[in-house]
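Residue-level listing of the chains:
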Amino acid sequence: MLTQELRNPRAGTYTVSLHVCGGGSAADYRTFLSHFTCRLVLFGYRDLGKDVRMGMREFASVALRPAFAERPSGYENATLSCKLRSQDGGAAEIEMGVGVAVVVEKTAPGDLVVPAGARAFLRIDDVAVGFVPRPRKDDVTV
């Protein structure tokens, strides 16, 4: 798992995008995809220490199954978008912090036997987070 905290999150719509492709050897990468599921995830931390080992609240995810590329020029774009609330309706989605992760999980049954010298990986580049704040209500007074 590769994670990154989004500093000072606010309520609104987050759009996360990245460029990704498979790397290593083509045969090993096919084996990798047959055993593992990869996802791009927007999540909320469960503790103020920002430790994902304590769990995460998943807000949105998109499957990553990029094609193998001999060179980084073969990147594909992956994007996800999610609207996060602050205290709207008691949501409290951003109070512990928000993060972005690329998660690789073994989902195929059975043991994975990796031959010596096998190489398969995800190559990730150009991660970007866009943000559109929630609309402001000018008629609200304190």
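Residues numbered from 1 in each chain as written. Predicted model: local features only at pLDDT ≥ 70, side-chain atom pairs only at ≥ 80, totals over all residues. Heavy atoms only, no water.

Draft legend 1. Examining unusual backbone geometry more closely. Phi at Lys50 is positive, roughly 55 degrees, even though this residue is not glycine. Relative to the elements of secondary structure, Lys50 occurs in the loop between β3 (36-45) and β4 (56-64). Using a relative accessible area of 25% as the deciding quantity, one classes Lys50 as partly exposed. Backbone geometry places Asp126, a non-glycine residue, at a positive phi of 55 degrees. Residue position: Asp126 is located in strand β7 (residues 120-133). Given the relative accessible area of 47%, Asp126 is considered partly exposed. (Helix = DSSP H or I, 4+ residues; strand = E, 2+ residues; numbered from the N terminus. Buried < 20%, exposed > 50% of the residue type's maximum accessible area, 1.4 Å probe, protein only.)

Draft legend 2. Up close: the sheet that holds strand β6 (residues 98-106). Pairing is antiparallel across the open sheet formed by four strands, whose spatial order is β1-β6-β3-β4. The sheet is open, and its two borders are formed by β1 (2-6) and β4, each paired with just one other strand. Strand-to-strand twist of the sheet, defined as the mean angle between neighbouring strand axes without regard to direction, takes the value 25 degrees. Running at roughly 55 degrees to β3, helix α1 (residues 26-35) makes contact with β3 and β6 of the sheet. (Pairing = 2+ DSSP bridges. Axes fitted to C-alpha atoms, helices over the stretch in contact; angles between N-to-C directions. Contact = heavy atoms within 4.5 Å.)

Geometric descriptors of this kind do not, in isolation, establish any biological role.
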